[in-house]
Amino acid sequence: MAVTHGHGNPKWTRDETILALDLYFDCEGHMPSSSDERVKELSDLLRSFPHHSLTARKESFRNADGVAFKLQNLRKIATGKGLGNTSKMDRQVWEDLGHNQKRTKELASLIRSGITLIEGIKEEETESVVFQEGKVVTEAHLRRERSRNIRKRLLDQRKKLGPLVCELCNCDSSAVSSKFEEAMFEAHHIQPLATSGERTTKLDDVALLCANCHRFIHKAIADKKRWLSVSEARSIILVDNDA
């Protein structure tokens, strides 16, 4: 379950803070009150967040007063003025996005669309690895990668070329019964959802990785806080092996 504080409400996630920062930018320095329609709209959206389905039943959870307070926290970081009760997450998001309003708007749009896609997911069901864009975009990306259609198309294409081969570690299926060889491999999107958006996935957008390397590259992406190409991930493996 989510970590709680205050009145039993969970700490703001990266996703939620990005949405708040997006609204902060839209306000152009004029801090809205809790009665502002934009604040109430964001409050309603945050209360629908899939990771907080149980907590959202509490009246105090992400209410309009809380959203207005969060905007003041962001203002404090941005200008040095306003309330001083800023969180580590507030400061991290500002450091990453505080000088990039366009990128903030892009991520906020992806988060909003992702909420509908993963509606109903519970906190304990999410992956331990979370990309820099936040849990909602991470989960939407993972669900896209798990698409049976794109994986089947990729496997069918690669089978025509010979044994299936992991593009990261180069292990192949030659020693595995043809009955089980497909179970070794997964599709990995070369471009993150946060870059490619919601367009239809093409085979050129995905790499074939063994299950182990797929988990590794996701872990490395989360650790480095940026997207890694397959070749970059391979170089990290080589360094680690030499250590």
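Note: the structure precedes this text.
Residues numbered from 1 in each chain as written. Predicted model: local features only at pLDDT ≥ 70, side-chain atom pairs only at ≥ 80, totals over all residues. Heavy atoms only, no water.

**Re the overall build of the chain**
For the chain, the helix and strand inventory stands at 10 helices and four strands. Going residue by residue from the N terminus, the α and β elements of the chain occur as β-β-α-α-α-α-α-α-α-β-α-β-α-α. Scored against the burial criterion, the 243 residues of the chain give a buried share of 44%. Sequence separation of 24 or more characterises 63% of the internal contacts of the chain that already satisfy a separation of 6 or more. Of the roughly 13200 Å² of accessible surface on the chain, a fraction of 49% belongs to carbon and sulfur atoms. (Helix = DSSP H or I, 4+ residues; strand = E, 2+ residues; numbered from the N terminus. Buried < 20%, exposed > 50% of the residue type's maximum accessible area, 1.4 Å probe, protein only. Contact = heavy atoms within 4.5 Å. Areas by Shrake-Rupley, 256 points an atom, 1.4 Å probe, with all protein chains shown as cover.)

**Let's talk about the packing of helix α1 (residues 14-27) against helix α4 (residues 88-97)**
Close contact between α1 and α4 brings their axes to 10 Å; oriented N to C, the two are set at 60 degrees. The angle between α1 and α4 places the two elements in the oblique class. Considering how the two elements wind past one another, α1 and α4 form a crossing that is right-handed. Within the contact between the two elements, α1 uses Arg-14, Thr-17, Ile-18, Leu-21, Tyr-24 and Phe-25 and α4 uses Met-89, Asp-90, Val-93, Trp-94, Asp-96 and Leu-97. Classifying every residue of the contact of α1 with α4 by side-chain character gives eight nonpolar, one polar and three charged. (Axes fitted to C-alpha atoms, helices over the stretch in contact; angles between N-to-C directions. Parallel < 35°, antiparallel > 145°, perpendicular 65-115°, else oblique. Left-handed = near helix turned anticlockwise from the far one by under 90°. Nonpolar A, V, L, I, M, F, W, Y, C, P; charged D, E, K, R; others polar.)

**Remarks on the pattern of salt bridges**
Per the counting criterion, the structure on display carries 13 salt bridges. Across the pair Arg-226 and Glu-232 runs a salt bridge, and its minimum N-O distance is 3.1 Å. Owing to a relative accessible area of 29%, Glu-232 belongs among the partly exposed residues under this scheme. Among the ionic contacts, a cluster of salt bridges with common partners joins Asp-22, Asp-26 and Lys-105. (Salt bridge = Lys/Arg side-chain N within 4 Å of Asp/Glu carboxyl O.)

**What about helix α7 (residues 148-159)?**
For α7, built from 12 residues, the straight-helix expectation of 16 Å at 1.5 Å per residue is met to within 8% by its first-to-last C-alpha distance of 16 Å. Of all the positions in α7, only Ile-150, Leu-154, Leu-155 and Arg-158 are classed as buried. Looking down the long axis of α7, one finds its buried residues gathered within 130 degrees of arc, a one-sided arrangement. Exposed positions of α7 whose direction lies more than 90 degrees from the buried face are Arg-148 and Lys-152. The inward-facing, buried residues of α7 contact α6 (135-145), β3 (185-189) and β4 (206-210). (Expected span 1.5 Å × (residues − 1). Arc of directions from axis to C-beta.)

**Focus: the environment of Ala-207**
Position of Ala-207 relative to the elements: it lies in strand β4. Given a relative accessible area of 1%, Ala-207 falls into the buried group. Each C-alpha atom, one on Ala-207 and one on Glu-186, is 8.4 Å from the other, the two residues being 21 residues apart in sequence. What Ala-207 contacts, discounting residues up to four positions off in sequence, is Leu-154, Glu-167, Glu-186, Ala-187, His-188, Ile-190 and Val-230.

**Some details on unusual backbone geometry**
It is generally the case that most residues other than glycine have a negative phi and that most peptide bonds are trans. You will see that Arg-62, though not glycine, has its phi angle at about 45 degrees, which is positive. Among the structural elements, Arg-62 can be located in the loop between α2 (37-47) and α3 (64-79). Here the phi dihedral of Asn-170 falls at roughly 70 degrees; this positive angle occurs in a residue that is not glycine. Residue class for Asn-170 comes out exposed when judged on its relative accessible area of 52%.

**Things to note about the state of the cysteines**
By definition, a disulfide links two cysteine residues through a covalent bond between their sulfur atoms. On inspection of all chains with the given rule, the structure shows zero disulfides. With no disulfide of its own, Cys-169 has Cys-171 as its nearest cysteine by sulfur position, at a separation of 3.4 Å. (Disulfide = S-S within 2.5 Å.)

**Notes on the packing of α1 against α2**
The geometry of α1 relative to α2 is characterised by a closest axis approach of 11 Å and an angle of 170 degrees between their N-to-C directions. If you check the angle between α1 and α2, you find them roughly antiparallel. Along the contact surface, α1 presents Glu-16, Leu-19, Ala-20, Leu-23, Asp-26 and Cys-27, while α2 presents Arg-38, Val-39, Leu-42, Leu-45 and Leu-46. In terms of residue class, the contact of α1 with α2 is made up of eight nonpolar, no polar and three charged.

**Some details on helix α9 (residues 211-224)**
Taking 1.5 Å of rise per residue, the 14 residues of α9 would be expected to cover 20 Å, and the 20 Å separating its terminal C-alpha atoms lies within 8% of that figure. Those residues of α9 lying buried are Ala-211, Cys-213, His-214, Ile-217, His-218, Ala-220 and Ile-221. With its phi angle positive at about 60 degrees, Lys-225 sits one or two positions after the end of α9.

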